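Next come the chains, spelled out residue by residue.
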Amino acid sequence: DGMLLRRSLIRAPAHVSFPVRHRRGHSWLAAAAVAGAALASASQCDSELDDSEEATALAALVQSLRRLADWASLEPAWRQFRHARGGGDACALAYLRTGGNDPEAAAVRIADTLSFRQANGLVADDAELWRAVEEHPARDRWPFAYLPGSEVPDGSPVCYARLSQLQVAATLAAFDEEELMHFVALWFEGAQRLLGDSSRRRGDPVRGTYDVYDCADLSAWSFLSEVRAHRPAIKRIFAIGSEHFPDLLYKCYVLNAPTVAALVWRCVAPFMSEQAQAKVCISRGVAPPPAP
């Protein structure tokens, strides 16, 4: 089932021109080169707490969860959620680190996420989740795919997206907004499970996903206009990620960025925490492909 899910997320929509694994296209290689270079130089994701403080915060979070009125009914869902993230304390730490290390606030956010997961079918097994992603009508309008995690040294999943083939206005017009947000939740959950699978294989938590967004051939002014016109829907997508999949992203690289990238950034940056904004690197060019 895990392999089935992995193949789903690697697959590109059938009608979209997308660099797949067996080709040696420059964009595919550039994405891999950027991720590899980043992994070679990046430090581990640091917590603001030392080990003893972290242990104390985790213990306080567990107590806060147990004090929730409906915790008895939520606890099985919490175990499933932790497993999806890779097991251990990775899931709990993500909520602490993105919430000012406040155990009470983290417990409330976790309870909200557990309800969100149930409502959106995110508790399904891998095969069911894969089918939900693959059969969703929005999948063929989503030019994103995950490169195999084994291709990068620390096992972090790498997502590649060709933004020139992301038609924001047309996609939002084609679907009810709630239906599209449901697909976004399924996609994030698939990424989270790739992260969890890799963490379990390695026996150590993986940092997070590396997202590589390629702006080559992007009609920049049209894209900017669409982003501006649909900021409320885009804000909801960012909110799903920050509220229910905290700390899932480790680094985001925007390649071949056009001149108007700064304007696009001004539109979307307010939807992100300062912590998330610091993970984004924007480049006018692209890393050269590695030697064959």
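Keep in mind that what you see is a predicted model, and the values were worked out from it rather than measured. (Residues numbered from 1 in each chain as written. Predicted model: local features only at pLDDT ≥ 70, side-chain atom pairs only at ≥ 80, totals over all residues. Heavy atoms only, no water.)

**So, the overall build of the protein chain**
For step 1, the next point in the chain: Helices and strands together make up the secondary structure of the protein chain, namely 13 helices and 5 strands.
For step 2, the next point in the chain: Partitioning the intrachain contacts of the protein chain with sequence separation of at least 6 by distance along the chain shows that 85% fall at a separation of at least 24.
For step 3, the next point in the chain: Per element, the accessible surface of the protein chain, about 13800 Å² overall, is 53% carbon and sulfur. (Helix = DSSP H or I, 4+ residues; strand = E, 2+ residues; numbered from the N terminus. Contact = heavy atoms within 4.5 Å. Areas by Shrake-Rupley, 256 points an atom, 1.4 Å probe, with all protein chains shown as cover.)

**Looking at the confidence of the model for the protein chain**
For step 1, the next point in the chain: Predicted confidence across the protein chain gives a mean pLDDT of 82, with 79% of residues reaching 70 or more.
For step 2, the next point in the chain: For residues 14–47, every residue scores under 50 in pLDDT, and the model assigns this stretch 66 contacts once sequence neighbours within four places are set aside.
For step 3, the next point in the chain: Contacts of residues 288–292 to residues separated by more than four positions or lying in other chains number 6 contacts, the stretch itself having pLDDT below 50. (pLDDT = per-residue confidence, 0-100.)

**Considerations on the packing of aromatic side chains**
Centre-to-centre distance and the angle between the planes together describe a pair of aromatic rings.
For step 1, the next point in the chain: Counted according to the given criterion, the structure contains 12 aromatic pairs.
For step 2, the next point in the chain: On the basis of an interplanar angle of 80 degrees and a centroid distance of 6.2 Å, the ring pair of Phe81 and Tyr95 is categorised as edge-to-face. Within this pair, whereas Phe81 is found in helix α4 (residues 71–85), its partner Tyr95 is found in helix α5 (residues 90–97), the two being separated by 14 residues in sequence. Accessibility classification places Phe81 together with Tyr95 in one group, the buried group.
For step 3, the next point in the chain: Their ring planes at 55 degrees and their centres at 5.5 Å tell us that Phe188 and Phe245 sit as a pair that is tilted. Of this pair, Phe188 sits in helix α9 (residues 177–202) while Phe245 sits in the loop between α11 (231–244) and β4 (249–255), and the two are 57 residues apart along the sequence. An identical accessibility class is assigned to Phe188 and Phe245; each is buried.
For step 4, the next point in the chain: Feature note: the residues Trp142, Phe144, Tyr146, Phe183, Trp187 and Tyr213 constitute an aromatic cluster, connected by ring pairs.
For step 5, the next point in the chain: The ring of Tyr250 has Lys251 sitting right over it, with the charged end atom 5.8 Å from the ring centre. (Phe/Tyr/Trp six-rings, centres within 6.5 Å; stacked < 30°, edge-to-face > 60°. Buried < 20%, exposed > 50% of the residue type's maximum accessible area, 1.4 Å probe, protein only. Lys NZ or Arg CZ within 6 Å of the ring centre and 35° of its normal.)

**A short note on the pairing of strand β3 (residues 209–214)**
For step 1, the next point in the chain: When you tally the buried positions in β3, you get 5 out of 6 residues, the bulk of the element.
For step 2, the next point in the chain: Relative to β3, strand β2 (residues 158–162) runs parallel, the two being bridged by 5 bridges. Its bridge partner being in β3, Val158 is matched across the sheet by Tyr210.
For step 3, the next point in the chain: One ladder, built from 6 bridges, connects β3 with β4; its direction is parallel. Note that in β4 the partner of Tyr210 across the bridge is Lys251. (Pairing = 2+ DSSP bridges.)

**Overview of the pairing of β2**
For step 1, the next point in the chain: Of all the 5 residues making up β2, 5 are buried; the element is thus mostly covered by neighbouring parts of the structure.
For step 2, the next point in the chain: Neither face of β2 is left uncovered, since the one carrying Val158, Tyr160 and Arg162 and the one carrying Cys159 and Ala161 both have all their residues buried.
For step 3, the next point in the chain: As paired strands, strand β1 (residues 144–147) and β2 are joined by 4 bridges and run antiparallel to one another. The residue of β2 that forms the bridge with Phe144 is Ala161.

**What to know about the environment of Glu226**
For step 1, the next point in the chain: As for its position among the elements, Glu226 is in helix α10 (residues 220–229).
For step 2, the next point in the chain: When the C-alpha atoms of Glu226 and Val264 are compared, they prove to be 10.0 Å apart, with 38 residues separating the residues in sequence.
For step 3, the next point in the chain: Residues in contact with Glu226, not counting those within four places in the same chain, are Gln167, Val168 and Ala169.
For step 4, the next point in the chain: A polar contact is formed between the side chain of Glu226 and the backbone nitrogen of Val168, at a distance of 3.1 Å. (Polar contact = N/O pair within 3.5 Å; in protein donor to acceptor, adjacent residues only side chain to side chain.)

**Describing the nonpolar core**
Most often, soluble globular proteins have nonpolar side chains that are buried together.
For step 1, the next point in the chain: Phe144, Trp187, Phe223, Ile240 and Phe245 are the most contacted members of the largest nonpolar core, which totals 49 residues.
For step 2, the next point in the chain: Top element by residues in this core is α9. It accounts for 11 residues.
For step 3, the next point in the chain: For Phe245, the residues in contact, after removing those within four places along its chain, are Arg85, Phe116, Arg117, Leu122, Ala185, Phe188, Glu189, Gln192 and Ile240. (Core = buried A, V, L, I, M, F, W, Y, C linked by side-chain atoms within 4.5 Å.)

**Observations concerning the packing of α10 against helix α12 (residues 261–268)**
For step 1, the next point in the chain: The N-to-C vectors of α10 and α12 enclose an angle of 10 degrees; their axes lie 10 Å apart at closest approach. The angle between the axes of α10 and α12 places the two elements in the roughly parallel class. Pair α10 / α12 crosses with left-handed handedness. Where α10 approaches α12, its residues Trp221, Phe223, Leu224, Val227 and Arg228 are matched on the opposing element by Leu263, Val264, Cys267 and Val268.
For step 2, the next point in the chain: Each residue belonging to the contact of α10 with α12 can be placed in one class, and the counts come to 8 nonpolar, no polar and 1 charged. (Axes fitted to C-alpha atoms, helices over the stretch in contact; angles between N-to-C directions. Parallel < 35°, antiparallel > 145°, perpendicular 65-115°, else oblique. Left-handed = near helix turned anticlockwise from the far one by under 90°. Nonpolar A, V, L, I, M, F, W, Y, C, P; charged D, E, K, R; others polar.)

**Comments concerning α12**
For step 1, the next point in the chain: Restricting attention to buried positions, one finds in α12 the residues Ala261, Val264, Cys267 and Val268. Across the axial projection of α12, the buried residues extend over an arc of 115 degrees, all falling on one side.
For step 2, the next point in the chain: Buried residues along α12 sit in contact with α10, α11 and β5 (280–282). (Arc of directions from axis to C-beta.)

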